[in-house]
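Geometric and topological summary
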Amino acid sequence: MSLLRRAMGMRRAAMGRMMRRVSTARAKTPKAGIERPANMSSVAGRATLFVTSLAASVALIDPAVLYFARNASPGLISAFEAITGLGRSWWILWPTAAAIAALAVLLRQERSRKLSAAYQYAIGLLALIFASVAVTSLIVNALKLAIGRARPKLFDTLGAVEFSPFSGSSDFASFPSGHAANIFALAVALGFVLPRGRYLLLAFASAVAASRFMTAKHYLTDVIAGAAIGWLVALAIQRWFELRGILFARRADDTRRVKGGELVAWGWSKLGAKVFG
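These numbers come from a predicted model, not from an experiment.

1. Brief notes about the packing of helix α3 (residues 74-83) against helix α8 (residues 198-214)
One can describe the packing of α3 onto α8 by two numbers: an axis separation of 9 Å at closest approach and a directional angle of 120 degrees. Taken together, the axes of α3 and α8 are oblique relative to one another. Regarding α3 and α8, the two cross each other, and that crossing is left-handed. Seen from α3, the contacting residues are Leu 76, Ile 77, Phe 80 and Ile 83; seen from α8, they are Ala 207, Val 208, Ala 210, Ser 211 and Met 214. Residue classes in the contact of α3 with α8 are distributed as eight nonpolar, one polar and no charged.

2. Looking at the nonpolar core
By size, the foremost hydrophobic cluster in this structure holds 41 residues, and its most contacted members are Leu 128, Phe 184, Met 214 and Phe 248. Among the secondary structure elements, those contributing two or more residues to this core are α2 (40-70), α3, α4 (90-109), α5 (113-147), α7 (178-193), α8 and α9 (220-243). The element contributing the most residues to this core is α7, with eleven residues. For Leu 128, the residues in contact, after removing those within four places along its chain, are Ala 189, Val 193, Ile 237, Gln 238, Phe 241, Leu 247 and Phe 248. Counting six residues, the second largest nonpolar core, distinct from the first, contains Leu 103, Leu 115, Ile 123 and Leu 126.

3. So, the environment of Trp 240
Here Trp 240 lies in helix α9. For Trp 240, a relative accessible area of 43% puts it in the partly exposed group. Residues Trp 240 and Leu 128, 112 residues apart in the sequence, show an inter-C-alpha distance of 9.8 Å.

4. A look at the environment of Ala 118
On the secondary structure map, Ala 118 appears in helix α5. Between the alpha carbons of Ala 118 and Leu 103 there is a distance of 9.9 Å; along the sequence they are 15 residues apart.

5. Here's the deal with the confidence of the model for the protein chain
Scored by pLDDT, the protein chain has a mean of 82; 72% of the residues are at 70 or more. Scored below 50 in pLDDT, residues 29-37 makes two contacts in the model with residues more than four places away or belonging to other chains.

6. Digging into the pattern of salt bridges
In the structure shown here, the tally under the stated rule is five salt bridges. For Asp 62, the salt bridge identified is with Arg 149, shortest N-O distance 2.9 Å. Placement of Asp 62 in helix α2 and of Arg 149 in the loop between α5 and α6 (155-158) is noted, with a sequence separation of 87 residues between them. Relative accessible area serves as the criterion here: at 0%, Asp 62 is assigned to the buried category. Residue Asp 171 pairs with Lys 153 through a salt bridge whose shortest N-O separation is 2.8 Å. Residue Asp 171 is found in the loop between α6 and α7, and its partner Lys 153 is found in the loop between α5 and α6; the two are separated by 18 residues along the sequence. Residue class for Asp 171 comes out partly exposed when judged on its relative accessible area of 24%. Overlapping salt bridges, with partners in common, bring together Asp 62, Arg 149 and Asp 222 in one network.

7. Side note on the packing of aromatic side chains
Each aromatic ring pair is specified by the distance between its two centres and by the angle formed by the two planes. Using the criterion set out here, one finds two aromatic pairs in the structure. Between Phe 184 and Trp 231, the aromatic rings sit 6.2 Å apart at their centres with planes inclined by 25 degrees, giving stacked as the arrangement. With Phe 184 in helix α7 and Trp 231 in helix α9, this residue pair connects regions lying 47 residues apart in the sequence.

8. A few points about the side chain of Arg 212
The residue Arg 212 is located in helix α8 in this model. The charged side chain of Arg 212 is buried without a salt bridge, its nearest counter-charge being Asp 222 at 9.0 Å. Of the polar contacts made by the side chain of Arg 212, one reaches the side chain of Thr 84; its length is 2.7 Å. Residues within four places of Arg 212 in sequence aside, it is in contact with Thr 84, Ser 177, His 179, Lys 217, His 218 and Val 223.

9. Notes on the packing of α7 against α8
Remark: α7 packs on α8, axes separated minimally by 9 Å, with the N-to-C direction vectors making an angle of 175 degrees. The orientation of α7 with respect to α8, classified from their angle, is roughly antiparallel. Contacts from His 179, Ala 180, Ile 183, Phe 184, Ala 187, Val 188, Leu 190 and Gly 191 of α7 reach α8 at Arg 198, Leu 201, Leu 202, Phe 204, Ala 205, Ser 206, Val 208, Ala 209 and Arg 212. Residues belonging to the contact of α7 with α8 are distributed by class as follows: twelve nonpolar, three polar and two charged.

10. Regarding unusual backbone geometry
Omega for the peptide link from Phe 175 to Pro 176 comes to -5 degrees, which places this bond in the cis form. Counting through the fold element by element, Pro 176 comes out in the loop between α6 and α7. Unlike most non-glycine residues, Phe 166 shows phi in positive territory, near 60 degrees. Inspection of the secondary structure puts Phe 166 in the loop between α6 and α7.

About the criteria used
- Residues numbered from 1 in each chain as written.
- Predicted model: local features only at pLDDT ≥ 70, side-chain atom pairs only at ≥ 80, totals over all residues.
- Heavy atoms only, no water.
- Axes fitted to C-alpha atoms, helices over the stretch in contact; angles between N-to-C directions.
- Helix = DSSP H or I, 4+ residues; strand = E, 2+ residues; numbered from the N terminus.
- Parallel < 35°, antiparallel > 145°, perpendicular 65-115°, else oblique.
- Left-handed = near helix turned anticlockwise from the far one by under 90°.
- Contact = heavy atoms within 4.5 Å.
- Nonpolar A, V, L, I, M, F, W, Y, C, P; charged D, E, K, R; others polar.
- Core = buried A, V, L, I, M, F, W, Y, C linked by side-chain atoms within 4.5 Å.
- Buried < 20%, exposed > 50% of the residue type's maximum accessible area, 1.4 Å probe, protein only.
- pLDDT = per-residue confidence, 0-100.
- Salt bridge = Lys/Arg side-chain N within 4 Å of Asp/Glu carboxyl O.
- Phe/Tyr/Trp six-rings, centres within 6.5 Å; stacked < 30°, edge-to-face > 60°.
- Lys, Arg positive; Asp, Glu negative; His and termini not counted.
- Polar contact = N/O pair within 3.5 Å; in protein donor to acceptor, adjacent residues only side chain to side chain.

In structure tokens form, the structure reads like this:
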């Protein structure tokens, strides 16, 4: 009996070791279709670094830039005041909408297939500009209302970190800068159809955006956030157009091209001849 019990005990021990090995192998083998989670400590570290950098910019850099702007030379401030109005959206949206409507009327009356195609491409180009600036304005105005950051003119009494969400007051609509967002949306949208002038457009947009903190209408971080929003919205609108074959197409080497650029130039020349002579 003792030998039988010993044999049964050894069998149970062997079975136990085998089951533990199977369980360990299953635990080490990743399941198909399920990805391992990312290193959460790394993600948390990056998020902490971003928040810390943003807080440092708001608390330290914004007051320093505001001090510099308040003590800049009058001539420099006058130059920035002369261009700061170009960041408004109305001078972009209203003429663009009127041009789209006028071209749509001409398109309905035009019998020439080639000229009709030129009108369609011109409408697409103007629609890209209109959509980029209009969507940017909507997003920025919603953020202004929800965040409610105090403007620099209240810095002496409230400081750089004062918020009044959903107050509806223009004094608490500093973040993000609408002018910076609008002008960057315009510059990036135009840069897609005028690639050779892209850097000049961005330089112009940067000057207009800088005028907002140099004239003490916004803090530096307001301007940076606004410019980023305008840039990203224009990229998204262009991508939306391209996916639907509007105005843009892809070459065999996967580079982007503007569809019918020469046709648009030909159409404008024909339109000018029809209107003026």
